[in-house]
Amino acid sequence: MFENSIFKDLVKRYHENKLSHAFLLETNDFNKCYSDLLKFVKTINCEKEYKDDCDDKSCNLCELIDNNSLPSFIKIEPDGTQIKKIQIQEIIDRFQSMPIFSKYNIYVVNECEKMNTSSANSLLKFLEEPEDNILGFFITSNKMNVISTIRSRCQEYSLYYDIDVDNMLYGDLISNYLNNIYRNNEGILYNKVEAINYFKERSEWLEFFKEMILVFSLYIKGKHNNYNINLFNDLPLEKIIIVVDLIETILKYIQSNGNIELILDKFVLEMRNICE
Ligand SMILES: [Zn+2]
């Protein structure tokens, strides 16, 4: 039923009465994550324990959740570039009373890294003195960007979903980059002259290397892709796995604010060690 098995585990915890009251969900796919989350919300609230026939409008509660009109369920998203205090206040005001139709009052904060300090602060009391009947879900693409006062009060999960490898944002650029630096002594020069101009924002570099990991992991799983990546043709699988480790290290450097130019050079030098 769930695309990501983490939610199965959450259902199990629910039955064992071990559910936390606040969760930080880091994901690469907001839509799939939210769709799983809605199924979870239905599962723990629906009297019929949410079955597939809840979807054909035979179940009022599940329909209300789908239409975002259940009073005890609030989803908020950034209003412009930020999640504002007034949006958080709506959650707090509405959840002063017990849920009537459902077991829980549930709030979802999408792109929660866009909470500013004052909106985050207004939520803290909520998080610090949790009531049994309130559950909160904070969704982000990068938990490192989430304000620490929120992070530290949540149970964290990473939810990765397979994406369609041929429709990636940076697929062509990834194959272009890898082919230009693979077994190429001019790789460092390529970094300085070409690659450094690929993106302006650190977040774009992050996405670039995250997608690169996906290309590799799908290749390792035997899934075909349309990008012509030379190293897949002549590098043995065990070395390709080592390259994935390297990309993960590179991602950590980018996340911890390292200098992009130095990070790219490190990538080329390490690739040279692995591939030769
Ligand atoms: Zn239902």
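What counts, and at which threshold
- Residues numbered from 1 in each chain as written.
- Predicted model: local features only at pLDDT ≥ 70, side-chain atom pairs only at ≥ 80, totals over all residues.
- Heavy atoms only, no water.
- Pairing = 2+ DSSP bridges.
- Helix = DSSP H or I, 4+ residues; strand = E, 2+ residues; numbered from the N terminus.
- Axes fitted to C-alpha atoms, helices over the stretch in contact; angles between N-to-C directions.
- Contact = heavy atoms within 4.5 Å.
- Domains from an automatic or database assignment.
- Buried area = accessible area lost by both parts, 1.4 Å probe.
- Salt bridge = Lys/Arg side-chain N within 4 Å of Asp/Glu carboxyl O.
- Polar contact = N/O pair within 3.5 Å; in protein donor to acceptor, adjacent residues only side chain to side chain.
- Nonpolar A, V, L, I, M, F, W, Y, C, P; charged D, E, K, R; others polar.
- Patch = residues over 30% accessible without salt bridge, like charges linked within 9 Å, V, L, I, M, F, W, Y side chains within 5 Å.
- Areas by Shrake-Rupley, 256 points an atom, 1.4 Å probe, with all protein chains shown as cover.
- Buried < 20%, exposed > 50% of the residue type's maximum accessible area, 1.4 Å probe, protein only.

Participant: Looking at this model, I keep getting lost on the sheet that holds strand 3 (residues 105-109). Mind explaining?
Facilitator: Adjacent strands of a sheet pair through backbone hydrogen bonds, lying either parallel or antiparallel. The 5 strands are arranged 2-3-4-1-5 in an open sheet whose pairing can be described as parallel. On the outer flanks of this sheet lie strand 2 (73-76) and strand 5 (155-159), each paired with one strand and no other. With direction set aside, neighbouring strand axes in the sheet form an average angle of 15°. Lying on the sheet, helix 4 (residues 85-94) is in contact with strand 2 and strand 3; it crosses strand 2 at an angle near 175°.

Participant: Teacher, can you tell me more about the domain arrangement of the protein chain here?
Facilitator: How big an interface is tends to be stated in terms of accessible area lost as the parts join. In terms of domains, the protein chain is made up of domain 1 (6-159) and domain 2 (165-275). In this complex, domain 1 contributes 4 residues to the contact, which on the side of domain 2 involves 4 residues. Of the roughly 250 Å² buried between domain 1 and domain 2, counting both surfaces, carbon and sulfur atoms make up 39%. Here domain 1 and domain 2 share 0 salt bridges between them. Joining domain 1 to domain 2, the criterion identifies 1 residue pair in polar contact (both at pLDDT 80 or more). Considering only residue class, the side of domain 1 that touches domain 2 consists of 1 nonpolar, 3 polar and no charged.

Participant: Please clarify how a nonpolar patch on the surface should be interpreted in this entry.
Facilitator: On the surface, Ile220, Leu237 and Ile241 cluster together to form a nonpolar patch covering roughly 230 Å² of accessible area. Looking at the element boundaries, Ile220 is found in helix 9 (residues 202-220). Of the residues examined, Ile220 reaches a relative accessible area of 32% and is grouped as partly exposed.

Participant: Help me out: how do you make sense of the environment of Gly80 in this one?
Facilitator: Secondary-structure assignment places Gly80 in the loop between strand 2 and helix 4. Given the relative accessible area of 62%, Gly80 is considered exposed. Distance from Gly80 to Met212, taken between C-alpha atoms, is 30 Å for residues 132 residues apart in sequence.

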